[in-house]
Amino acid sequence: MTSNVFAGTGFQLDSAPLLSRSTVDRREQLRDVADGGAELWATGKVVLVDAKGRTQIDAGSRLVAHPAGDFGERPAPGAVLLGVEGEVSYWALRSDHDGAQDGWRDLRTGGALLNDTDAGLFTTAVGLLGWHDNARYCAVCGAATTRVSAGWARRCTGCDREEYPRTDPAVICLVHDGEDRVLLARQPSWPAERYSVLAGFVEVGESLEACVAREIAEEVGVAVDEVRYLGSQPWPFPRSLMLGFAAIADPSAPLVPADGEIEDARWMHRDTVLAALQSEGGAVDGLRLPPSVSIAHRMIRGWATWQS
């Protein structure tokens, strides 16, 4: 079965993926003046993120953002500009927090609690600071790199090459039979009975649609058709962009889970999925769904509640 782009109508995401929400203006034009921009820093706020990607979230489910002036009169070394909203600039800074304090959460456990502004700030901060941690040396000559453009680039001290934050595209696809069954699978490392849709990284020289077909064939051994785009979500663990698709497969085709990668794969009826969605904790006997912060959850909910 040959994969093709499907232009027809069908189910959609039930809502915007929670880590795709954002309201802050990134203001690219300010980045080259921000390194020395004491005025911008003076009215700014700083989100602290520790080495494990956690930040402080208060009892009202808001990010704790500190006055930038608490860290000096000019942008602190290592600070990155997240954007501007109104008269306030937002920055992120790596914290030496050791995990002993209450109220510090990562995106997986805290992202769904946040409003649109805070979700966008936290997601960008985690991704951008994580890139800096791993881009300290030039990939061409090996010399040390330095932070420039308010944290949105690094420049090599040897060959003067500039490098920009990396995002690795990955497809995530909900495979269904066109009626009432969906194909879900689980990895060996997941919690017991956790099942989700299939996903994989895009390879060099590969289209997104071709990646969908290849990954599903590799992971569960079935061919898909009517590949259709649904939406996307940043997933900075450490630097992915999840590109959501739907596709149709024949449920009578034998499933062949990839050895060592897929522990189990099975077709599940819409009624079972709906029961899990409606239950406390998103689980019924034999099925535990991915958390609401993931695009996978939004895809599954969109399919399960869709009326054709």
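Residues numbered from 1 in each chain as written. Predicted model: local features only at pLDDT ≥ 70, side-chain atom pairs only at ≥ 80, totals over all residues. Heavy atoms only, no water.

Peer 1: Explanation requested: the overall build of the chain in the structure shown.
Peer 2: The helix and strand inventory of the chain stands at seven helices and 17 strands. The C-alpha atoms of the chain give 21 Å as radius of gyration, which agrees with the globular expectation for 308 residues (19 Å, within 12%). Dimensions along the principal axes, computed over C-alpha positions, put the chain at roughly 65 × 45 × 35 Å. For the chain, contacts bridging at least 24 residues in sequence account for 67% of all contacts bridging at least 6. For the chain, the accessible surface area stands at approximately 14,700 Å², while carbon and sulfur atoms represent 48% of it. Both charge centroids of the chain, one from 29 positive and one from 43 negative side chains, sit 4 Å from each other. (Helix = DSSP H or I, 4+ residues; strand = E, 2+ residues; numbered from the N terminus. Rg over C-alpha atoms; globule rule 2.2 N^0.38 Å. Contact = heavy atoms within 4.5 Å. Areas by Shrake-Rupley, 256 points an atom, 1.4 Å probe, with all protein chains shown as cover. Lys, Arg positive; Asp, Glu negative; His and termini not counted. Charge placed at Lys NZ, Arg CZ, Asp CG, Glu CD.)

Peer 1: Honestly, the packing of aromatic side chains in this entry has me stumped. Any pointers?
Peer 2: Aromatic ring pairs are reported here in terms of the distance separating the ring centres and the angle at which the planes meet. Scanning the entire structure with this criterion turns up three aromatic pairs. Relative to Phe245, the ring of Tyr229 has its centre 5.5 Å away and its plane inclined at 70 degrees; by these criteria the two rings are edge-to-face. Taken as a pair, Tyr229 in strand S13 (residues 225-235) and Phe245 in strand S14 (residues 240-248) lie far apart in primary sequence, 16 residues in all. Taking the relative accessible area as the measure of exposure, Phe245 reaches 2% and is therefore buried. (Phe/Tyr/Trp six-rings, centres within 6.5 Å; stacked < 30°, edge-to-face > 60°. Buried < 20%, exposed > 50% of the residue type's maximum accessible area, 1.4 Å probe, protein only.)

Peer 1: Help me understand the side chain of Asp50, please; the structure alone is not making it clear to me.
Peer 2: You can see Asp50 is positioned in the loop between strand S1 (45-49) and strand S2 (55-56). In this structure Asp50 touches Arg94, Ser95, His97 and Trp104, once residues within four positions along its chain are discounted.

Peer 1: I keep staring at the UniProt feature "domain: Nudix hydrolase" (unreviewed entry) in the chain and nothing clicks. Help me out?
Peer 2: Mapped onto this structure's residue numbering, the UniProt feature "domain: Nudix hydrolase" (unreviewed entry) falls at residues 165-290. Structurally, residues 165-290 is divided into 17% helix and 39% strand, and its ends, taken at the C-alpha atoms, are 28 Å apart. (UniProt positions renumbered as here; feature names shortened; annotations may be inferred.)

Peer 1: What am I meant to see in the pattern of salt bridges here?
Peer 2: Side chains that differ in charge, positive against negative, can pair when their charged atoms come close. Scanning the entire structure with this criterion turns up 21 salt bridges. Here Asp168 and Arg239 are joined by a salt bridge, their closest N and O atoms 3.0 Å apart. Within this pair, whereas Asp168 is found in strand S10 (residues 168-176), its partner Arg239 is found in the loop between S13 and S14, the two being separated by 71 residues in sequence. Given the relative accessible area of 29%, Arg239 is considered partly exposed. (Salt bridge = Lys/Arg side-chain N within 4 Å of Asp/Glu carboxyl O.)

Peer 1: I would appreciate a short explanation of the sheet that holds S1 in the present structure.
Peer 2: Consider a sheet: its strands pair through backbone hydrogen bonds, and that pairing is either parallel or antiparallel. Judged by pairing direction, the sheet is mixed, and its four strands sit side by side in the order S3-S1-S5-S4 without closing on themselves. Edge strands, defined here as strands with exactly one partner in the open sheet, are strand S3 (65-67) and strand S4 (80-85). The average angle at which neighbouring strand axes cross in this sheet is 35 degrees, direction not considered. With five bridges joining them, S1 and strand S5 (residues 88-94) adopt parallel strand pairing. Each residue of the ladder has a partner; that of Val46, found in S5, is Trp91. (Pairing = 2+ DSSP bridges. Axes fitted to C-alpha atoms, helices over the stretch in contact; angles between N-to-C directions.)

Peer 1: Explain the pairing of S5 to me, please; I cannot follow it from the model alone.
Peer 2: On any regular strand, side chains alternate: one points to one face of the sheet, the next to the other face. The buried fraction of S5 is high, at five of seven residues. Bridge count between S4 and S5: five bridges; the pairing is antiparallel. Residue pairing in the sheet places Val84 in a bridge with Ser89 of S5. The turn joining S4 and S5, which pair antiparallel and follow one another in sequence, is formed by two residues; a positive phi near 65 degrees is taken by Gly86.

Peer 1: I keep staring at unusual backbone geometry and nothing clicks. Help me out?
Peer 2: At the junction of Phe237 and Pro238, the peptide bond is cis and its omega measures out at 5 degrees in the coordinates. A positive phi angle, near 60 degrees, is found at Ser61, a position not held by glycine. With respect to the secondary-structure elements, Ser61 resides in the loop between S2 and S3. Given the relative accessible area of 24%, Ser61 is considered partly exposed. One non-glycine residue with positive phi stands out, namely Asp160, at about 70 degrees. The topology assignment puts Asp160 in the loop between strand S8 (153-156) and strand S9 (162-163). We classify Asp160 as exposed; its relative accessible area is 52%.

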